[in-house]
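Descriptive analysis of the structure
Here are the chains, one letter per residue:
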Amino acid sequence: MSLTNRILIAMLVGILVGTLLNLILGSTGISEGIRSFLHVYIVDGVLDVIGRMFVSSLKLLVVPLVLVSLICGSSSLGDSVRMGPIAGKSMGLYLLTTALAIGSALLVAVLVGPGENINGASGTNFTTTPTPPFMNILVNIVPSNPIAAMAEGNMLQIIVFALLFGYAISHAGESGQRIANFFRDLEQVIMRLVMVLMALAPYGIFALLASLFSKLGFAVILDLAAYFFTVLGVLIFHAVVTYSLLLKVLSGLSPWPLLKKMRSAWAFAFSTASSGATLPITLETAEHRLGVHKEVAGFVVPLGATINMDGTAIMQGVATVFIAQVYGVDMTMTDYVTVIFTATLASIGTAGAPGVGLIMLSMVLTQVGLPVEGIALIIGVDRLLDMVRTSVNVTGDAMVSVLVGKSEGKLDKGVYLDPHADI
Ligand code: ASP
(Lines give C-alpha, C1' and ligand atoms only; values in the text may rest on other atoms or scores of the structure.)
Protein backbone atom coordinates (compact mmCIF):
# COMPACT_ATOMS: atom_id res chain seq x y z
CA MET A 1 0.00 0.00 0.00
CA SER A 2 1.38 3.46 -0.83
CA LEU A 3 2.54 5.71 1.97
CA THR A 4 -0.15 8.27 1.11
CA ASN A 5 -2.88 5.70 1.55
CA ARG A 6 -1.42 4.47 4.81
CA ILE A 7 -1.27 8.05 6.06
CA LEU A 8 -4.89 8.71 5.07
CA ILE A 9 -6.06 5.52 6.76
CA ALA A 10 -4.08 6.42 9.89
CA MET A 11 -5.81 9.78 9.87
CA LEU A 12 -9.29 8.31 9.66
CA VAL A 13 -8.59 5.65 12.30
CA GLY A 14 -7.03 8.32 14.56
CA ILE A 15 -10.13 10.52 14.28
CA LEU A 16 -12.41 7.53 14.95
CA VAL A 17 -10.47 6.23 17.94
CA GLY A 18 -10.17 9.76 19.37
CA THR A 19 -13.89 10.42 19.00
CA LEU A 20 -14.64 7.06 20.61
CA LEU A 21 -12.33 7.85 23.51
CA ASN A 22 -14.02 11.23 23.84
CA LEU A 23 -17.42 9.54 24.11
CA ILE A 24 -16.19 6.92 26.57
CA LEU A 25 -14.44 9.47 28.78
CA GLY A 26 -17.52 11.69 28.75
CA SER A 27 -20.01 8.96 29.55
CA THR A 28 -21.27 8.27 33.03
CA GLY A 29 -21.42 4.53 32.50
CA ILE A 30 -17.75 3.78 33.14
CA SER A 31 -15.96 3.36 36.43
CA GLU A 32 -13.57 5.98 37.75
CA GLY A 33 -10.73 3.46 37.52
CA ILE A 34 -11.17 2.87 33.80
CA ARG A 35 -11.61 6.58 33.18
CA SER A 36 -8.39 7.53 34.90
CA PHE A 37 -6.54 4.61 33.26
CA LEU A 38 -7.62 5.83 29.81
CA HIS A 39 -6.76 9.40 30.70
CA VAL A 40 -3.38 8.87 32.29
CA TYR A 41 -1.97 5.96 30.33
CA ILE A 42 -3.62 6.19 26.94
CA VAL A 43 -4.57 9.80 26.15
CA ASP A 44 -1.99 11.72 28.17
CA GLY A 45 0.42 8.77 28.05
CA VAL A 46 1.11 6.73 24.94
CA LEU A 47 -0.83 8.85 22.43
CA ASP A 48 0.43 12.19 23.68
CA VAL A 49 4.06 11.05 23.84
CA ILE A 50 4.07 9.50 20.36
CA GLY A 51 2.26 12.52 18.93
CA ARG A 52 4.69 15.01 20.40
CA MET A 53 7.71 12.97 19.34
CA PHE A 54 6.29 12.88 15.82
CA VAL A 55 5.90 16.68 15.65
CA SER A 56 9.45 17.16 16.94
CA SER A 57 10.78 14.72 14.35
CA LEU A 58 9.16 16.81 11.62
CA LYS A 59 10.47 20.05 13.03
CA LEU A 60 13.99 18.69 13.24
CA LEU A 61 14.00 18.37 9.47
CA VAL A 62 12.92 21.90 8.70
CA VAL A 63 16.10 23.93 9.20
CA PRO A 64 18.58 21.52 7.56
CA LEU A 65 16.20 20.81 4.70
CA VAL A 66 15.46 24.44 3.84
CA LEU A 67 19.06 25.53 4.26
CA VAL A 68 20.60 22.77 2.17
CA SER A 69 17.99 22.63 -0.56
CA LEU A 70 18.13 26.41 -1.04
CA ILE A 71 21.92 26.49 -1.09
CA CYS A 72 21.93 23.67 -3.65
CA GLY A 73 19.23 25.32 -5.71
CA SER A 74 20.74 28.76 -5.81
CA SER A 75 24.33 27.56 -6.30
CA SER A 76 23.80 24.84 -8.90
CA LEU A 77 22.19 27.03 -11.49
CA GLY A 78 24.07 30.19 -10.63
CA ASP A 79 23.20 32.86 -13.15
CA SER A 80 20.36 30.99 -14.80
CA VAL A 81 18.23 31.37 -11.67
CA ARG A 82 16.46 34.69 -11.84
CA MET A 83 16.02 35.24 -8.14
CA GLY A 84 14.55 38.76 -8.47
CA PRO A 85 11.58 37.79 -10.64
CA ILE A 86 11.00 34.62 -8.62
CA ALA A 87 10.86 36.63 -5.40
CA GLY A 88 8.68 39.33 -6.97
CA LYS A 89 6.21 36.89 -8.45
CA SER A 90 5.89 34.84 -5.28
CA MET A 91 5.34 37.91 -3.11
CA GLY A 92 2.77 39.27 -5.59
CA LEU A 93 0.89 35.97 -5.76
CA TYR A 94 0.98 35.48 -2.00
CA LEU A 95 -0.54 38.92 -1.48
CA LEU A 96 -3.12 38.33 -4.21
CA THR A 97 -4.27 34.99 -2.79
CA THR A 98 -4.48 36.44 0.72
CA ALA A 99 -6.49 39.44 -0.50
CA LEU A 100 -8.90 37.09 -2.32
CA ALA A 101 -9.15 34.95 0.81
CA ILE A 102 -10.01 37.81 3.13
CA GLY A 103 -12.32 39.39 0.53
CA SER A 104 -14.40 36.23 0.17
CA ALA A 105 -14.38 35.68 3.94
CA LEU A 106 -15.81 39.16 4.59
CA LEU A 107 -18.38 38.87 1.82
CA VAL A 108 -19.69 35.49 2.97
CA ALA A 109 -19.65 36.47 6.66
CA VAL A 110 -21.68 39.62 5.95
CA LEU A 111 -24.19 37.65 3.85
CA VAL A 112 -24.52 34.75 6.31
CA GLY A 113 -24.42 36.83 9.50
CA PRO A 114 -23.06 34.09 11.80
CA GLY A 115 -23.12 36.27 14.91
CA GLU A 116 -26.53 37.88 14.48
CA ASN A 117 -28.51 35.74 16.90
CA ILE A 118 -25.87 35.57 19.58
CA ASN A 119 -25.78 37.94 22.48
CA GLY A 120 -22.38 39.37 23.43
CA ALA A 121 -21.80 40.14 27.12
CA SER A 122 -21.68 36.43 27.95
CA GLY A 123 -19.12 36.91 30.69
CA THR A 124 -16.10 36.27 28.47
CA ASN A 125 -12.55 36.91 29.36
CA PHE A 126 -9.55 36.70 27.12
CA THR A 127 -6.19 38.12 27.98
CA THR A 128 -4.24 39.45 25.06
CA THR A 129 -0.63 38.91 24.31
CA PRO A 130 1.09 41.79 22.58
CA THR A 131 1.46 41.19 18.84
CA PRO A 132 4.86 41.74 17.27
CA PRO A 133 5.09 44.98 15.30
CA PHE A 134 4.93 44.33 11.56
CA MET A 135 7.98 46.46 10.74
CA ASN A 136 10.13 44.09 12.79
CA ILE A 137 9.47 41.39 10.26
CA LEU A 138 11.04 43.54 7.53
CA VAL A 139 14.01 44.70 9.58
CA ASN A 140 14.74 41.21 10.86
CA ILE A 141 14.95 39.65 7.41
CA VAL A 142 18.72 40.08 7.31
CA PRO A 143 20.39 37.82 9.87
CA SER A 144 23.14 39.31 11.98
CA ASN A 145 24.06 35.81 13.11
CA PRO A 146 23.18 32.90 10.80
CA ILE A 147 23.84 30.31 13.49
CA ALA A 148 21.41 32.06 15.84
CA ALA A 149 18.88 32.21 12.97
CA MET A 150 19.16 28.44 12.53
CA ALA A 151 19.01 27.78 16.26
CA GLU A 152 15.83 29.85 16.52
CA GLY A 153 14.38 28.40 13.30
CA ASN A 154 13.93 31.90 11.88
CA MET A 155 12.85 30.96 8.38
CA LEU A 156 13.15 34.31 6.61
CA GLN A 157 16.68 34.81 7.91
CA ILE A 158 17.65 31.29 6.91
CA ILE A 159 16.29 31.89 3.42
CA VAL A 160 18.31 35.11 3.03
CA PHE A 161 21.49 33.49 4.33
CA ALA A 162 21.10 30.41 2.10
CA LEU A 163 20.52 32.54 -1.00
CA LEU A 164 23.58 34.69 -0.32
CA PHE A 165 25.69 31.65 0.44
CA GLY A 166 24.52 29.82 -2.69
CA TYR A 167 25.23 32.88 -4.80
CA ALA A 168 28.74 33.11 -3.36
CA ILE A 169 29.36 29.40 -4.03
CA SER A 170 28.42 29.78 -7.67
CA HIS A 171 30.89 32.65 -8.05
CA ALA A 172 33.80 31.17 -6.09
CA GLY A 173 35.40 29.10 -8.84
CA GLU A 174 36.97 25.77 -7.90
CA SER A 175 36.57 26.18 -4.15
CA GLY A 176 32.91 26.97 -4.73
CA GLN A 177 32.59 23.83 -6.82
CA ARG A 178 33.98 21.69 -4.01
CA ILE A 179 31.60 23.20 -1.46
CA ALA A 180 28.70 22.81 -3.91
CA ASN A 181 29.47 19.10 -4.24
CA PHE A 182 29.51 18.76 -0.47
CA PHE A 183 26.06 20.38 -0.18
CA ARG A 184 24.68 18.22 -2.98
CA ASP A 185 25.79 15.10 -1.10
CA LEU A 186 24.38 16.51 2.11
CA GLU A 187 21.06 17.09 0.36
CA GLN A 188 20.86 13.42 -0.64
CA VAL A 189 21.47 12.38 2.95
CA ILE A 190 18.83 14.77 4.31
CA MET A 191 16.31 13.58 1.72
CA ARG A 192 16.95 10.03 2.92
CA LEU A 193 16.27 11.19 6.47
CA VAL A 194 12.99 12.74 5.32
CA MET A 195 12.00 9.36 3.81
CA VAL A 196 12.90 7.49 6.99
CA LEU A 197 10.82 9.77 9.18
CA MET A 198 7.98 9.87 6.65
CA ALA A 199 7.71 6.10 6.85
CA LEU A 200 6.88 6.50 10.54
CA ALA A 201 4.28 9.19 9.84
CA PRO A 202 1.19 6.94 9.91
CA TYR A 203 1.86 6.10 13.58
CA GLY A 204 2.54 9.71 14.49
CA ILE A 205 -0.53 11.00 12.69
CA PHE A 206 -2.72 8.34 14.29
CA ALA A 207 -1.45 9.21 17.78
CA LEU A 208 -1.78 12.96 17.29
CA LEU A 209 -5.31 12.80 15.96
CA ALA A 210 -6.51 10.20 18.45
CA SER A 211 -5.21 12.27 21.36
CA LEU A 212 -6.60 15.52 19.95
CA PHE A 213 -10.05 14.21 19.13
CA SER A 214 -10.33 12.53 22.51
CA LYS A 215 -10.05 15.99 24.08
CA LEU A 216 -12.15 18.05 21.67
CA GLY A 217 -15.54 18.99 22.92
CA PHE A 218 -17.91 18.66 19.99
CA ALA A 219 -20.78 20.33 21.79
CA VAL A 220 -19.17 23.74 21.27
CA ILE A 221 -19.46 23.24 17.52
CA LEU A 222 -23.24 23.15 17.90
CA ASP A 223 -23.24 26.38 19.91
CA LEU A 224 -21.08 28.08 17.34
CA ALA A 225 -22.40 26.21 14.30
CA ALA A 226 -23.00 29.34 12.21
CA TYR A 227 -19.47 30.66 12.79
CA PHE A 228 -17.85 27.24 12.44
CA PHE A 229 -19.53 26.32 9.16
CA THR A 230 -19.08 29.79 7.65
CA VAL A 231 -15.31 29.59 8.20
CA LEU A 232 -15.22 25.98 7.03
CA GLY A 233 -17.25 26.77 3.91
CA VAL A 234 -15.02 29.68 2.88
CA LEU A 235 -11.88 27.61 3.58
CA ILE A 236 -13.07 24.78 1.34
CA PHE A 237 -14.22 27.23 -1.33
CA HIS A 238 -10.83 28.96 -1.33
CA ALA A 239 -8.85 25.71 -1.53
CA VAL A 240 -10.96 24.12 -4.20
CA VAL A 241 -12.47 26.91 -6.29
CA THR A 242 -10.21 29.97 -5.93
CA TYR A 243 -6.94 28.06 -6.25
CA SER A 244 -8.23 25.99 -9.15
CA LEU A 245 -9.38 29.07 -11.04
CA LEU A 246 -6.11 30.90 -10.39
CA LEU A 247 -4.08 27.93 -11.57
CA LYS A 248 -6.18 27.47 -14.69
CA VAL A 249 -6.30 31.16 -15.60
CA LEU A 250 -2.68 32.06 -14.82
CA SER A 251 -0.92 28.93 -16.05
CA GLY A 252 -3.42 26.91 -18.09
CA LEU A 253 -2.70 23.85 -15.92
CA SER A 254 -5.42 21.53 -14.70
CA PRO A 255 -5.87 21.90 -10.93
CA TRP A 256 -6.72 18.21 -10.31
CA PRO A 257 -3.16 16.88 -10.09
CA LEU A 258 -2.39 19.59 -7.52
CA LEU A 259 -5.43 18.83 -5.38
CA LYS A 260 -4.89 15.07 -5.57
CA LYS A 261 -1.19 15.21 -4.79
CA MET A 262 -1.67 17.48 -1.79
CA ARG A 263 -3.50 14.74 0.12
CA SER A 264 -0.60 13.61 2.26
CA ALA A 265 0.48 17.21 2.96
CA TRP A 266 -3.10 17.84 4.12
CA ALA A 267 -2.89 14.89 6.49
CA PHE A 268 0.25 16.36 8.04
CA ALA A 269 -1.14 19.91 8.16
CA PHE A 270 -4.43 18.70 9.61
CA SER A 271 -2.85 16.62 12.36
CA THR A 272 -0.09 19.07 13.35
CA ALA A 273 -1.96 22.38 12.71
CA SER A 274 1.42 23.81 11.85
CA SER A 275 2.61 24.98 8.42
CA GLY A 276 6.12 25.02 9.84
CA ALA A 277 6.09 21.37 10.87
CA THR A 278 4.45 20.42 7.55
CA LEU A 279 7.12 22.25 5.53
CA PRO A 280 9.27 19.17 4.75
CA ILE A 281 6.23 17.43 3.26
CA THR A 282 5.02 20.50 1.34
CA LEU A 283 8.51 20.89 -0.10
CA GLU A 284 8.72 17.20 -1.04
CA THR A 285 5.32 17.38 -2.67
CA ALA A 286 6.18 20.52 -4.65
CA GLU A 287 9.49 19.11 -5.90
CA HIS A 288 8.80 15.43 -6.44
CA ARG A 289 5.09 15.18 -7.04
CA LEU A 290 4.26 18.49 -8.66
CA GLY A 291 7.52 18.81 -10.60
CA VAL A 292 8.59 22.29 -9.44
CA HIS A 293 12.38 22.56 -9.81
CA LYS A 294 14.12 22.76 -6.49
CA GLU A 295 15.63 26.20 -6.98
CA VAL A 296 12.07 27.57 -7.23
CA ALA A 297 10.35 25.27 -4.73
CA GLY A 298 13.22 25.64 -2.24
CA PHE A 299 12.58 29.37 -2.14
CA VAL A 300 8.85 29.77 -2.74
CA VAL A 301 7.58 27.04 -0.37
CA PRO A 302 9.54 28.00 2.81
CA LEU A 303 8.72 31.66 2.14
CA GLY A 304 5.05 30.73 1.88
CA ALA A 305 5.14 28.65 5.06
CA THR A 306 6.35 31.81 6.80
CA ILE A 307 4.25 34.58 5.27
CA ASN A 308 1.39 33.08 3.25
CA MET A 309 -1.57 32.17 5.43
CA ASP A 310 -4.74 32.37 3.37
CA GLY A 311 -6.66 30.06 5.69
CA THR A 312 -5.66 32.18 8.67
CA ALA A 313 -6.81 35.35 6.89
CA ILE A 314 -10.17 33.70 6.18
CA MET A 315 -10.66 32.83 9.85
CA GLN A 316 -9.68 36.36 10.86
CA GLY A 317 -12.11 37.91 8.38
CA VAL A 318 -15.10 35.82 9.45
CA ALA A 319 -14.18 36.15 13.14
CA THR A 320 -14.06 39.95 12.91
CA VAL A 321 -17.50 40.17 11.33
CA PHE A 322 -18.82 37.57 13.79
CA ILE A 323 -17.53 39.46 16.83
CA ALA A 324 -18.88 42.77 15.49
CA GLN A 325 -22.31 41.18 15.05
CA VAL A 326 -22.29 39.55 18.48
CA TYR A 327 -21.45 42.85 20.15
CA GLY A 328 -23.92 44.73 17.96
CA VAL A 329 -21.28 46.97 16.36
CA ASP A 330 -22.04 48.23 12.86
CA MET A 331 -19.00 48.07 10.65
CA THR A 332 -18.50 50.83 8.10
CA MET A 333 -16.91 50.53 4.67
CA THR A 334 -13.69 52.00 6.11
CA ASP A 335 -13.73 49.29 8.76
CA TYR A 336 -13.90 46.58 6.11
CA VAL A 337 -10.99 48.11 4.20
CA THR A 338 -9.03 48.30 7.47
CA VAL A 339 -9.81 44.64 8.12
CA ILE A 340 -8.54 43.69 4.64
CA PHE A 341 -5.24 45.47 5.28
CA THR A 342 -4.68 44.42 8.86
CA ALA A 343 -5.76 40.81 8.33
CA THR A 344 -3.32 40.59 5.41
CA LEU A 345 -0.54 41.92 7.64
CA ALA A 346 -1.67 39.79 10.57
CA SER A 347 -1.62 36.64 8.46
CA ILE A 348 1.85 37.53 7.15
CA GLY A 349 3.01 38.00 10.72
CA THR A 350 1.39 34.76 11.90
CA ALA A 351 3.97 32.09 12.61
CA GLY A 352 3.23 28.67 11.13
CA ALA A 353 2.42 27.12 14.49
CA PRO A 354 -0.84 26.00 16.13
CA GLY A 355 -3.19 28.72 17.30
CA VAL A 356 -1.05 31.73 16.40
CA GLY A 357 -3.67 33.04 13.98
CA LEU A 358 -6.06 33.53 16.88
CA ILE A 359 -3.52 35.57 18.82
CA MET A 360 -2.87 37.75 15.77
CA LEU A 361 -6.62 38.29 15.45
CA SER A 362 -6.38 40.68 18.40
CA MET A 363 -4.37 43.02 16.16
CA VAL A 364 -7.21 43.12 13.62
CA LEU A 365 -9.89 43.63 16.27
CA THR A 366 -7.96 46.45 17.92
CA GLN A 367 -7.56 48.26 14.61
CA VAL A 368 -11.31 48.43 14.06
CA GLY A 369 -12.12 49.11 17.71
CA LEU A 370 -13.78 45.78 18.48
CA PRO A 371 -13.49 44.15 21.92
CA VAL A 372 -10.56 41.73 22.00
CA GLU A 373 -12.41 39.66 24.63
CA GLY A 374 -14.60 38.53 21.72
CA ILE A 375 -11.86 36.03 20.93
CA ALA A 376 -12.95 34.02 23.96
CA LEU A 377 -16.25 33.34 22.15
CA ILE A 378 -14.60 31.41 19.34
CA ILE A 379 -11.65 29.83 21.12
CA GLY A 380 -13.56 26.59 21.76
CA VAL A 381 -13.78 25.64 18.09
CA ASP A 382 -10.48 27.15 17.04
CA ARG A 383 -8.33 24.03 17.14
CA LEU A 384 -10.53 22.20 14.65
CA LEU A 385 -10.63 25.20 12.34
CA ASP A 386 -6.87 25.61 12.79
CA MET A 387 -6.35 22.11 11.40
CA VAL A 388 -8.36 22.93 8.31
CA ARG A 389 -6.95 26.42 7.79
CA THR A 390 -3.39 25.09 8.06
CA SER A 391 -4.23 22.65 5.26
CA VAL A 392 -5.40 25.61 3.18
CA ASN A 393 -2.24 27.55 4.06
CA VAL A 394 0.06 24.82 2.78
CA THR A 395 -2.05 24.30 -0.36
CA GLY A 396 -1.56 28.00 -1.18
CA ASP A 397 2.21 27.62 -0.82
CA ALA A 398 2.34 24.63 -3.16
CA MET A 399 -0.01 26.25 -5.67
CA VAL A 400 2.06 29.44 -5.86
CA SER A 401 5.25 27.38 -6.29
CA VAL A 402 3.62 25.67 -9.30
CA LEU A 403 2.57 29.04 -10.78
CA VAL A 404 6.00 30.61 -10.30
CA GLY A 405 7.74 27.45 -11.55
CA LYS A 406 5.57 27.37 -14.67
CA SER A 407 6.12 31.03 -15.49
CA GLU A 408 9.89 30.70 -15.03
CA GLY A 409 10.14 27.54 -17.18
CA LYS A 410 11.04 25.60 -14.04
CA LEU A 411 8.13 23.20 -13.89
CA ASP A 412 8.39 19.63 -15.13
CA LYS A 413 4.95 19.24 -16.66
CA GLY A 414 5.44 15.50 -17.09
CA VAL A 415 5.88 15.07 -13.34
CA TYR A 416 2.97 17.44 -12.60
CA LEU A 417 0.60 15.39 -14.75
CA ASP A 418 1.99 11.97 -13.79
CA PRO A 419 -0.46 10.44 -11.30
CA HIS A 420 2.24 8.08 -10.07
CA ALA A 421 4.87 10.72 -9.33
CA ASP A 422 5.17 9.88 -5.69
CA ILE A 423 7.39 10.57 -2.74
N1 ASP B 1 -1.73 27.03 12.50
C2 ASP B 1 -1.61 27.91 11.37
C3 ASP B 1 -0.44 27.48 10.51
O4 ASP B 1 0.51 26.92 11.00
C5 ASP B 1 -1.46 29.34 11.77
C6 ASP B 1 -2.75 29.80 12.42
O7 ASP B 1 -3.65 30.22 11.69
O8 ASP B 1 -2.88 29.72 13.63
O9 ASP B 1 -0.45 27.69 9.32
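Up top is the structure these notes are about.
These lines cover the structure that appears in this document, whether it is placed above or below. (Residues numbered from 1 in each chain as written. Predicted model: local features only at pLDDT ≥ 70, side-chain atom pairs only at ≥ 80, totals over all residues. Heavy atoms only, no water.)

**Concerning the overall build of the protein**
Within the protein, the regular secondary structure consists of 20 helices and 0 strands. Principal-axis analysis of the C-alpha atoms gives the protein an extent of 70 × 55 × 40 Å. Looking at the protein residue by residue over its 423 residues, the buried ones come to 54%. By sequence separation, contacts in the protein at least 24 residues apart represent 83% of the contacts at least 6 residues apart. A total accessible area of about 17900 Å² is found for the protein, and carbon and sulfur atoms account for 68% of it. Treating the 21 positive side-chain charges of the protein as one cloud and the 24 negative ones as another, the clouds have centres 9 Å apart. (Helix = DSSP H or I, 4+ residues; strand = E, 2+ residues; numbered from the N terminus. Buried < 20%, exposed > 50% of the residue type's maximum accessible area, 1.4 Å probe, protein only. Contact = heavy atoms within 4.5 Å. Areas by Shrake-Rupley, 256 points an atom, 1.4 Å probe, with all protein chains shown as cover. Lys, Arg positive; Asp, Glu negative; His and termini not counted. Charge placed at Lys NZ, Arg CZ, Asp CG, Glu CD.)

**Things to note about empty space enclosed by the protein**
If you walk through the whole model with that rule in mind, you get 3 cavities of 30 Å³ or more. Its volume calculated, the largest cavity comes out at about 60 Å³. Lining of the largest cavity is provided by 16 residues; of these, Thr312, Ala351, Ala353, Asp386 and Asn393 occupy positions nearest its centre. When residues of the lining of the largest cavity are traced back to their parent elements, those giving at least two are α17 (356-367) and α19 (382-407). It is α19 that contributes the most residues to the lining of the largest cavity, 4 residues altogether. Each residue belonging to the lining of the largest cavity can be placed in one class, and the counts come to 5 nonpolar, 9 polar and 2 charged. Here the second largest cavity is characterised by a volume of approximately 40 Å³. Among the elements of the structure, α3 (83-112) and α16 (333-349) are those that each provide at least two residues to the lining of the second largest cavity. The element contributing the most residues to the lining of the second largest cavity is α3, with 4 residues. (1 Å grid on protein atoms, 1.4 Å probe; cavity = no way out; pocket = protein on both sides within 12 Å on 5 of 7 lines; lining within 4 Å. Points joined across faces, edges and corners; volume = space filled by probe spheres on them. Nonpolar A, V, L, I, M, F, W, Y, C, P; charged D, E, K, R; others polar.)

**Re helix α13 (residues 275-289)**
Here α13 is 15 residues long, yet its end C-alpha atoms lie only 18 Å apart, well below the 21 Å a rise of 1.5 Å per residue gives. Along its length, α13 reaches its greatest deviation from straightness, about 35°, at isoleucine 281. Of the residues flanking the end of α13, it is glycine 291, one or two places downstream, whose phi is positive at about 80°. (Expected span 1.5 Å × (residues − 1). Bend = angle between axes of the 7 residues up to and from the residue.)

**A few points about the nonpolar core**
By size, the foremost hydrophobic cluster in this structure holds 125 residues, and its most contacted members are Tyr227, Leu258, Phe268, Leu361 and Val402. With residues up to four places along the chain from it excluded, the contact list for tyrosine 227 reads Pro114, Met315, Val318, Ala319, Phe322, Ile378, Val381 and Leu385. Counting 7 residues, the second largest nonpolar core, distinct from the first, contains Leu21, Leu25, Leu38 and Val43. (Core = buried A, V, L, I, M, F, W, Y, C linked by side-chain atoms within 4.5 Å.)

**Topic: the site of the ligand**
As a matter of local geometry, the ligand sits amid 17 residues, with Ser275, Thr312, Gly357, Asp386 and Arg389 nearest to it. Measuring from a nitrogen atom of the ligand, one finds a backbone N or O atom of alanine 273 at 2.9 Å. One of the backbone N or O atoms of glycine 352 is found 3.5 Å from an oxygen atom in the ligand. Considering the ligand on its own, with 270 Å² of exposed area, one finds that the protein chains cover 100% of that surface. The pocket occupied by the ligand, as judged from atoms lying within 2 Å of grid points, is the largest cavity. Taken together, the elements giving at least two residues each to the shell around the ligand come down to α17 and α19. Ranked by residue count, the leading element in the shell around the ligand is α19, at 4 residues. (Near = heavy atom within 4 Å. Polar contact = N/O pair within 3.5 Å; in protein donor to acceptor, adjacent residues only side chain to side chain. Sits in = over half its atoms within 2 Å of the grid points.)

**Overview of helix α8 (residues 201-215)**
End to end, α8 covers 21 Å across 15 residues, agreeing with the expected 21 Å (1.5 Å per residue, within 8%). Counting buried positions along α8 gives 12 out of 15 residues, so the element sits mostly inside the fold. Those residues of α8 that fall on the buried side of the exposure criterion are Ala201, Pro202, Gly204, Ile205, Ala207, Leu208, Leu209, Ala210, Ser211, Leu212, Phe213 and Ser214.

**Observations concerning the side chain of threonine 395**
Here threonine 395 lies in helix α19. Within polar-contact distance, the side chain of threonine 395 engages the backbone oxygen of serine 391 at 2.6 Å. Contacts of threonine 395, omitting those with residues within four sequence positions, involve Tyr243, Met262 and Trp266.

**Looking at the packing of helix α10 (residues 225-251) against α19**
Remark: α10 packs on α19, axes separated minimally by 10 Å, with the N-to-C direction vectors making an angle of 5°. Put simply, α10 runs roughly parallel to α19. On α19, the residues touching Tyr227, Phe228, Val231, Leu232, Leu235, His238, Ala239, Tyr243, Leu246, Leu247, Leu250 and Ser251 of α10 are Leu384, Leu385, Val388, Arg389, Val392, Thr395, Gly396, Met399, Val402, Leu403 and Lys406. Counted by class, the contact of α10 with α19 contains 17 nonpolar, 4 polar and 2 charged residues. (Axes fitted to C-alpha atoms, helices over the stretch in contact; angles between N-to-C directions. Parallel < 35°, antiparallel > 145°, perpendicular 65-115°, else oblique.)

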